[in-house]
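# Summary of structural features
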Amino acid sequence: MPLVAGTRLGPYEIAATIGAGGMGDVYRARDTRLDRTVAIKVLNSALVASPELKARFEREARAISQLNHPNICTLHDVGHDGGTDYLVLEFIEGESLADRLRKGPLPTTDVVKIGCEIAEALDRAHRAGIVHRDLKPGNVMLTKTGAKLLDFGLAKPTAIGAAARPTR
């Protein structure tokens, strides 16, 4: 069942639904401690009973927490409140690449810029030993400052990537 505006998850107050997917819903919320807007991804309550899907949700949190890059959505917190598991993510203003593409083709310069930013995000993830595994226009947000890669729900660690991690 979707959360309604005003619902609290720990120190976070739900404001509105901003998306939904197979794993759960995403909400715009207010972090009452830091007075900032965040995005909260809530694991679908029907999936909490599945150890495999709960592990996938936890794997997403671990994957994102290892990545610090301007083209990757930042994880702020993880939580559990009253049977609800959630991730607290950077709130990203903009539109998804999927929504932008529905309006028509992108200019070549934009294609190159967005492609390079996504490639840089994937390179950072791969160097950290993480494979995204769900790259699609719906998982890329276009902002004023550039593209941001989202949704590491299908991400998997790789021994090869971790072994090749640079020491810089």
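Shown above is the structure to which this text applies.
Overview of the structure. (Residues numbered from 1 in each chain as written. Predicted model: local features only at pLDDT ≥ 70, side-chain atom pairs only at ≥ 80, totals over all residues. Heavy atoms only, no water.)

## Details of the packing of aromatic side chains
If you walk through the whole model with that rule in mind, you get one aromatic pair. The interplanar angle of 75° and the centroid separation of 6.1 Å between the aromatic rings of Tyr12 and Tyr86 together place this pair among those described as edge-to-face. In this pair, Tyr12 is assigned in strand β2 (residues 12–20) and Tyr86 in strand β6 (residues 84–90), connecting sequence segments 74 residues apart. You'll find Tyr12 and Tyr86 in the same group, each marked buried. (Phe/Tyr/Trp six-rings, centres within 6.5 Å; stacked < 30°, edge-to-face > 60°. Helix = DSSP H or I, 4+ residues; strand = E, 2+ residues; numbered from the N terminus. Buried < 20%, exposed > 50% of the residue type's maximum accessible area, 1.4 Å probe, protein only.)

## Re the nonpolar core
Burial of nonpolar side chains together is a common tendency in soluble globular proteins. Core analysis: the largest hydrophobic core is formed by 32 residues, its most contacted members being Leu67, Leu89, Ile114, Ile130, Val140 and Phe152. Only β4 (36–43), α1 (51–65), β6, α3 (108–127), β9 (140–143) and β10 (146–149) provide two or more residues apiece to this core. Leave out the neighbours within four places in its chain, and Val140 touches Glu95, Ser96, Leu97, Ile118, Leu135, Ala147, Lys148 and Leu149. Counting residues in hydrophobic clusters, the runner-up holds 10 residues, among them Tyr12, Ala29, Val38 and Tyr86. (Core = buried A, V, L, I, M, F, W, Y, C linked by side-chain atoms within 4.5 Å. Contact = heavy atoms within 4.5 Å.)

## Focus: unusual backbone geometry
Despite not being glycine, Asp35 has its phi angle at roughly 50°, a positive value. Relative accessible area serves as the criterion here: at 58%, Asp35 is assigned to the exposed category.

## Overview of the side chain of Asn139
Secondary-structure assignment places Asn139 in the loop between β8 (130–131) and β9. At 2.8 Å, the side chain of Asn139 forms a polar contact with the backbone oxygen of Asp134. Here Asn139 is in contact with His132, Asp134, Lys148, Leu149, Leu150 and Asp151, once residues within four sequence places are set aside. (Polar contact = N/O pair within 3.5 Å; in protein donor to acceptor, adjacent residues only side chain to side chain.)

## Observations concerning the pattern of salt bridges
Tallied over the entire structure, the rule returns 12 salt bridges. Residue Glu90 is joined to Lys148 by a salt bridge in which the shortest nitrogen-to-oxygen separation is 3.0 Å. Separated by 58 residues along the polypeptide, Glu90 in strand β6 and Lys148 in strand β10 bring together distant segments of the chain. For the pair Glu90 and Lys148, one class covers both residues: buried. Between Asp134 and Lys136 there is a salt bridge; the shortest N-O distance is 3.9 Å. Given the relative accessible area of 41%, Lys136 is considered partly exposed. Connected via shared salt-bridge partners are Asp31, Arg33, Arg36 and Asp77. (Salt bridge = Lys/Arg side-chain N within 4 Å of Asp/Glu carboxyl O.)

## Considering the environment of Asp151
Checked against the element boundaries, Asp151 lands in the loop between β10 and β11 (156–157). A polar atom in the side chain of Asp151 sits 3.1 Å from the side chain of Lys41.

## What to know about the pairing of strand β5 (residues 75–81)
Of the strand pairs in this sheet, β5 and β6 are connected by six bridges, and their pairing is antiparallel. Bridging across to β6, Gly79 finds its partner in Tyr86. A loop of two residues connects β5 with β6, the two strands running antiparallel in sequence, and Gly82 in this loop sits at a positive phi of about 55°. (Pairing = 2+ DSSP bridges.)

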